[in-house]
Amino acid sequence: MIGDLLINVGAVSLLAIFAFWILRTRYLVGVVVVSGAFSLTAAALFVVLDAVDVAFTEAAVGAGIATVLGLATLTFVPHFEKPHRFKGAALGISWFPALLAVATGLLLTLAVSDLPRFGSADAPIHNHVAPHYINESPNEIGIPNIVTAILASYRGYDTLGEVIVIFTAALAVLVLLVGRTRSRRDKQRKGRRQ
Amino acid sequence: MMSDMGQVFGHWNVYLVIFLMMLGFYTLIARGNMVKKMVGLNVFQTSVFILYISMGKIDNSTAPILTDNPLAIYANPLPHVLILTAIVVGVATTALGYALIIRIYENFGTIEDHELVDFMEDEENTL
């Protein structure tokens, strides 16, 4: 229990360091790679929190595919973020966004006291449909992995909807990237030459 | 006072998640570079996943894969299923965002917010 707690604290602290790194560095290749490390650390945290399926998916999809997509994008765009300050920014902090983030964080913190204690077995989330899934899925579905049983059977329509979302996103990406037209800058340059 | 401490300590995971979430949120709104915005969004998103998965954990629980031990406590599988869907959908939206960034760069020659705004103002003035 204490060991789990230490791993948990360590992983979340590491995540905070990565998030700060992402915020501060201007080299975008570094930003994308550290975001991959962020996802991988989150995957390790999911293993400690008993979510092995989520950990697999986060490591493969979140840390793998998302990082590759980011690096592929960076082959088309500049690798450095240009320094820019919002109006009223001082000491390297943009105060209006900072204020917004702190205010949102404070509101969320106020709501936390209503949540059940971390790890408590009598939290409402554990006493609704979850016991049915855990107790009945061996008889009703017959798959040892309860997460798979819910994903593919009890909530199969959710998964169907997910597939539709991915299909739509894939179509949109194809529409955006395949058969690219000449850019506006080329046209302008051509216009200037004439 | 002791129960207050217990209350705070029992929620430390959520407090840390809120901190991470706000770091991602700040990256998203305070940085003008679009690739960095996407990465900030990813940080925000992953923090929300951690919040959900934390809710499913029970003290001394094991992963929700059936074992022969009749006394085993299984973690709540429902948030795991929801987050599995969310991770995959999140990557789909990330891919779409990156595709848009590539197109924006081809058209305008920049992926910085403020330069795009300048570009559009110039265009309005010339019209």
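Structural notes, computed from the coordinates. Numbers given for residues are sequential positions, taken from 1 along each chain in its written order. Labels are handed out in written order, letters beginning with A for the chains and numbers beginning with 1 for the ligands. Restriction of local features to residues with pLDDT of at least 70 applies here, the model being predicted, together with a cutoff of 80 or more for giving and counting side-chain atom pairs; totals for whole chains, interfaces and linings are based on all residues. Side-chain numbers here rest on the full set of heavy atoms in the structure, without hydrogens or water.

Comments concerning the overall build of chain B
Line of reasoning, step 1. Here a helix means four or more residues in a row that DSSP labels H or I, a strand means two or more in a row labelled E, and each is numbered from the N terminus. Looking only at helices and strands, one finds five helices and zero strands in chain B.
Line of reasoning, step 2. Across chain B, helices and strands are ordered from the amino to the carboxyl terminus as α-α-α-α-α.
Line of reasoning, step 3. We compute the radius of gyration over the C-alpha atoms and compare it with the globule rule, which gives 2.2 Å times the number of residues raised to the power 0.38. Here the C-alpha atoms of chain B give a radius of gyration of 21 Å, more than 25% beyond the 14 Å that 2.2 N^0.38 yields for 127 residues.
Line of reasoning, step 4. With the principal axes as the frame, chain B shows a C-alpha extent of 75 × 40 × 15 Å.
Line of reasoning, step 5. Each residue is placed in one exposure class: buried if its accessible area under a 1.4 Å probe, protein chains only, is under 20% of its type's maximum, exposed if it is over 50%, and partly exposed if it falls in between. The buried share among the 127 residues of chain B stands at 55%.
Line of reasoning, step 6. Between two residues, a contact is recorded if the distance between any of their heavy atoms is within 4.5 Å. For chain B, the share of sequence-separated contacts (at least 6 apart) that also reach a separation of at least 24 residues comes to 49%.
Line of reasoning, step 7. Surface exposure of chain B reaches about 5400 Å², of which carbon and sulfur atoms provide 67%. The Shrake-Rupley method, run with a 1.4 Å probe, gives the accessible areas here. Residue values count only the displayed protein chains as cover.

Describing empty space enclosed by the protein
Line of reasoning, step 1. Cavity means a closed set of points on a 1 Å grid over the protein atoms alone, one where a 1.4 Å probe fits but cannot get out, pocket means an open set with protein on both sides within 12 Å along at least 5 of 7 lines, and lining means a residue has an atom within 4 Å of a point. Grid points are joined across faces, edges and corners, and a volume is the space filled by probe spheres set on the points. Within the structure shown, the criterion is met by two cavities of 30 Å³ or more.
Line of reasoning, step 2. Lining the largest cavity are Ser39, Glu58, Gly62 and Ala66 of chain A together with Asn42, Gln45, Thr46, Phe49, Ile87 and Val91 of chain B.
Line of reasoning, step 3. Counting only elements with at least two residues in the lining of the largest cavity, the list comes to α3 (52-74) of chain A together with α3 (34-56) and α4 (77-108) of chain B.
Line of reasoning, step 4. Among the elements that make up the lining of the largest cavity, the one with the highest residue count is α3 of chain B (four residues).
Line of reasoning, step 5. In terms of residue class, the lining of the largest cavity is made up of four nonpolar, five polar and one charged. Each residue is assigned to one class: nonpolar for Ala, Val, Leu, Ile, Met, Phe, Trp, Tyr, Cys and Pro, charged for Asp, Glu, Lys and Arg, and polar for all the others, Gly among them.

A few points about the packing of helix α4 (residues 95-112) of chain A against helix α2 (residues 12-30) of chain B
Line of reasoning, step 1. Running from N to C, α4 of chain A and α2 of chain B point in directions that differ by 155°, and their axes come no closer than 9 Å. On the basis of their axis angle, the class for α4 of chain A and α2 of chain B is roughly antiparallel. Crossing angle aside, the handedness with which α4 of chain A passes α2 of chain B is right-handed. Contacts between α4 of chain A and α2 of chain B pair Pro97, Ala98, Leu100, Ala101, Thr104, Gly105, Leu108, Thr109 and Val112 of chain A from the former with Val14, Tyr15, Ile18, Met21, Met22, Phe25, Tyr26, Ile29 and Ala30 of chain B from the latter. Angles shown run from 0 to 180 degrees and are taken between the N-to-C directions of axes, each axis being a line fitted to C-alpha atoms and, for helices, limited to the stretch in contact. Our angle categories are set so that under 35 degrees counts as roughly parallel, over 145 as roughly antiparallel, 65 to 115 as roughly perpendicular, and the remainder as oblique. Helix crossings fall into two classes, left-handed where the near helix is turned counterclockwise from the far one by less than a right angle and right-handed where it is turned clockwise.

What to know about a negative patch on the surface
All names here are of chain B.
Line of reasoning, step 1. Taken together, the side chains of Asp118, Glu121, Asp122 and Glu124 present a region of like negative charge at the surface.
Line of reasoning, step 2. Turning to its location among the elements, Glu124 is positioned in helix α5 (residues 113-126).
Line of reasoning, step 3. With a relative accessible area of 60%, Glu124 lands in the exposed category. A patch consists of residues whose relative accessible area exceeds 30% and which take part in no salt bridge; residues with like charges are grouped when within 9 Å of each other, and nonpolar side chains (Val, Leu, Ile, Met, Phe, Trp, Tyr) when within 5 Å. Salt bridges are defined as contacts in which a side-chain nitrogen from Lys or Arg sits within 4 Å of a carboxyl oxygen from Asp or Glu. Under this rule, positive means Lys or Arg and negative means Asp or Glu; His and the chain ends count for nothing. Working definition for charges: the position is that of NZ of Lys, CZ of Arg, CG of Asp or CD of Glu.

Concerning the layout of surface pockets
Line of reasoning, step 1. Considering only enclosed or pocket space, the largest pocket measures out at about 310 Å³ in volume.
Line of reasoning, step 2. Lining of the largest pocket is provided by 15 residues; of these, Val102 of chain A together with Phe19, Met22, Leu23 and Tyr26 of chain B occupy positions nearest its centre.
Line of reasoning, step 3. Residue assignment for the lining of the largest pocket shows that the elements contributing at least two residues are α1 (2-24) and α4 of chain A together with α2 of chain B.
Line of reasoning, step 4. Of the residues assigned to the lining of the largest pocket, the class counts are eleven nonpolar, two polar and two charged.

Quick word on the packing of helix α2 (residues 28-48) of chain A against α3 of chain B
Line of reasoning, step 1. One can describe the packing of α2 of chain A onto α3 of chain B by two numbers: an axis separation of 10 Å at closest approach and a directional angle of 5°. The angle between the axes of α2 of chain A and α3 of chain B places the two elements in the roughly parallel class. In contact with Leu28, Val31, Val32, Ser35, Phe38, Ser39, Ala42, Leu45 and Phe46 of chain A of α2 of chain A, α3 of chain B contributes Val35, Lys36, Val39, Val43, Thr46, Ser47, Phe49, Ile50 and Ile53 of chain B.
Line of reasoning, step 2. When its residues are assigned to classes, the contact of α2 of chain A with α3 of chain B shows 13 nonpolar, four polar and one charged.

Considerations on the nonpolar core
Line of reasoning, step 1. Among buried residues, the Ala, Val, Leu, Ile, Met, Phe, Trp, Tyr and Cys ones that are joined through side-chain atoms within 4.5 Å form a nonpolar core. Counting 66 residues, the largest nonpolar core has Phe46 and Val54 of chain A together with Leu20, Val35, Ile50 and Ile101 of chain B as the members making the most contacts within it.
Line of reasoning, step 2. Here the element with the most residues in this core is α2 of chain B; it accounts for eleven residues.
Line of reasoning, step 3. In this structure, Ile50 of chain B is in contact with Leu15, Ala42, Leu45 and Phe46 of chain A together with Val17 and Leu20 of chain B, ignoring residues within four places of it in sequence.

Description of the packing of aromatic side chains
Line of reasoning, step 1. Whether two aromatic rings pair depends on their centres lying within 6.5 Å, for rings of Phe, Tyr and Trp, where Trp uses its six-membered ring; planes under 30 degrees apart make the pair stacked, over 60 edge-to-face, and the rest tilted. Per the stated rule, a full pass over the model turns up five aromatic pairs over all chains.
Line of reasoning, step 2. Pairing Phe20 of chain A with Phe19 of chain B gives two aromatic rings, centres 6.3 Å apart and planes at 55°, and the pair type is tilted. Taken together, the residues span two chains, with Phe20 of chain A in helix α1 and Phe19 of chain B in helix α2.
Line of reasoning, step 3. Between Phe108 of chain B and Phe119 of chain B the ring centres are 5.1 Å apart and the planes differ by 85°, which places this aromatic pair in the edge-to-face class. Linking Phe108 of chain B in helix α4 with Phe119 of chain B in helix α5, this pair joins segments that are eleven residues apart in sequence.

Remarks on the interface of chain B and chain A
Line of reasoning, step 1. Tallying the contact residues gives 80 residues for chain B and 96 residues for chain A.
Line of reasoning, step 2. Taking both sides of the interface into account, the surface hidden between chain B and chain A amounts to around 8300 Å²; carbon and sulfur atoms contribute 74%.
Line of reasoning, step 3. Taken together, chain B and chain A are joined by four salt bridges.
Line of reasoning, step 4. Notably, a salt bridge pairs Lys36 of chain B with Glu81 of chain A, separated by 2.9 Å at the nearest N-O pair.
Line of reasoning, step 5. For this analysis, a polar contact is any N or O atom pair within 3.5 Å, provided that within protein one partner can donate a hydrogen and the other can accept it, and provided that sequence-adjacent residues contribute only side-chain to side-chain pairs. Between chain B and chain A we count 16 residue pairs in polar contact (both at pLDDT 80 or more) in total.
Line of reasoning, step 6. Sorting the residues of the side of chain B that touches chain A by element identifies α1 (2-10), α2, α3, α4 and α5 of chain B as the ones contributing at least two each. Accessible area, probed at 1.4 Å, shrinks when two parts are joined; the buried area is that loss added up over both.

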